[in-house]
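Residues per chain, in single letters:
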Amino acid sequence: MKSNLTTLCYIENDGNYLMMHRTKKEHDINKDKWVGVGGHFEANESPEECLLREVKEETGLMLLAWKLRGIVTFICGGWQTEYMFLYTSDKFDGTLADCSEGDLQWVAKSEVYRLPIWEGDKIFFRLLEEDRPFFSLKLIYQNDVLLEAVLDGVKL
């Protein structure tokens, strides 16, 4: 069974986020959605080790600096509860490579809300925009429908 610990990173450059349109993976809960880059922890990895490995594997880029912004707890019927370490980075090196899980594209931050993204992602994008200090966000889904969101212990 895959780890229920994951990382997700939004790499920033010139007012854009690097986004992945998830189109290439079979049986993908994120199929056709736009997300950041990241993935599941491997055995004995720290969050930072997972972050750096996943970003390099999915984008070809090497992060030079990053910031842990929050922890997002995903609960969805039929799936194992997932704890995601959410990062941003605006310092990186390398050349963008093709990804086996989807198509990578720089998207203007102002356009992100127009893409097919998870409803709960809109909450953490708002928190990132507000430059909110570290947060804990719990998202409860039934299929694609967000049933409940709890920010720092308070229902939204």
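Being a predicted model, the structure only gives us computed values, none of them experimental.

S.K.: Summarise the packing of aromatic side chains; cite the residues concerned and give the values.
M.R.: Using the criterion set out here, one finds nine aromatic pairs in the structure. When the centroid spacing of 5.7 Å and the interplanar angle of 40° are considered together, the rings of phenylalanine 41 and phenylalanine 85 count as tilted. One end of the pair, phenylalanine 41, is in the loop between strand 4 (37–40) and helix 1 (47–59); the other, phenylalanine 85, is in strand 6 (residues 82–93), and 44 residues separate them in sequence. Relative to tryptophan 106, the ring of phenylalanine 92 has its centre 5.9 Å away and its plane inclined at 25°; by these criteria the two rings are stacked.

S.K.: Requested: an account of the pattern of salt bridges, with residues and values cited.
M.R.: In total, this model carries 14 salt bridges according to the counting rule given. One salt bridge in this structure joins lysine 91 and aspartate 90, with 3.7 Å as the shortest N-O distance. Residue classification places lysine 91 among the partly exposed residues on the basis of a relative accessible area of 46%. A salt bridge links glutamate 111 to arginine 114; the shortest N-O distance between them is 2.5 Å. Owing to a relative accessible area of 64%, arginine 114 belongs among the exposed residues under this scheme. Shared partners join several salt bridges into a network, and the residues in it are Glu42, Glu45, Arg53, Glu54 and Glu57.

S.K.: Tell me about the environment of tryptophan 118, residues and numbers included.
M.R.: Turning to its location among the elements, tryptophan 118 is positioned in the loop between strand 7 (103–108) and helix 2 (119–129). Tryptophan 118 gets classed as buried once you look at its relative accessible area, which sits at 10%. Along the chain, tryptophan 118 and proline 133 lie 15 residues apart, while their C-alpha atoms are 22 Å from each other.

S.K.: Tell me what's going on with unusual backbone geometry, and back it up with residues and numbers.
M.R.: Located in the positive-phi region is asparagine 143, a residue other than glycine, with phi close to 55°. Residue position: asparagine 143 is located in the loop between strand 8 (135–142) and strand 9 (145–151). Positive phi outside glycine occurs at aspartate 152, with the angle close to 50°. The exposure class of aspartate 152 is partly exposed, given its relative accessible area of 38%.

The rules we used
Positions within a chain are numbered from 1, following the residues in the order the chain's sequence is written. Only residues with pLDDT of at least 70 are given local features in this predicted model, and only at 80 or more are side-chain atom pairs given and counted; all residues enter the totals for whole chains, interfaces and linings. Hydrogens are left out, water is left out, and the side-chain values use all remaining heavy atoms of the structure. Here a Phe, Tyr or Trp ring, Trp counted by its six-membered ring, pairs with any other such ring whose centre lies within 6.5 Å, and the pair is stacked when the planes are under 30 degrees apart, edge-to-face when over 60, and tilted otherwise. We count a stretch as a helix when DSSP gives it H or I for four or more residues in a row; a strand needs E for two or more, and each element gets its number in order from the N terminus. Throughout this description, the term salt bridge denotes a Lys or Arg side-chain nitrogen within 4 Å of a carboxyl oxygen of Asp or Glu. Think of it in three bands: residues with accessible area under 20% of the maximum for their type are buried, residues over 50% are exposed, and the middle band is partly exposed, with areas taken using a 1.4 Å probe on protein chains only.

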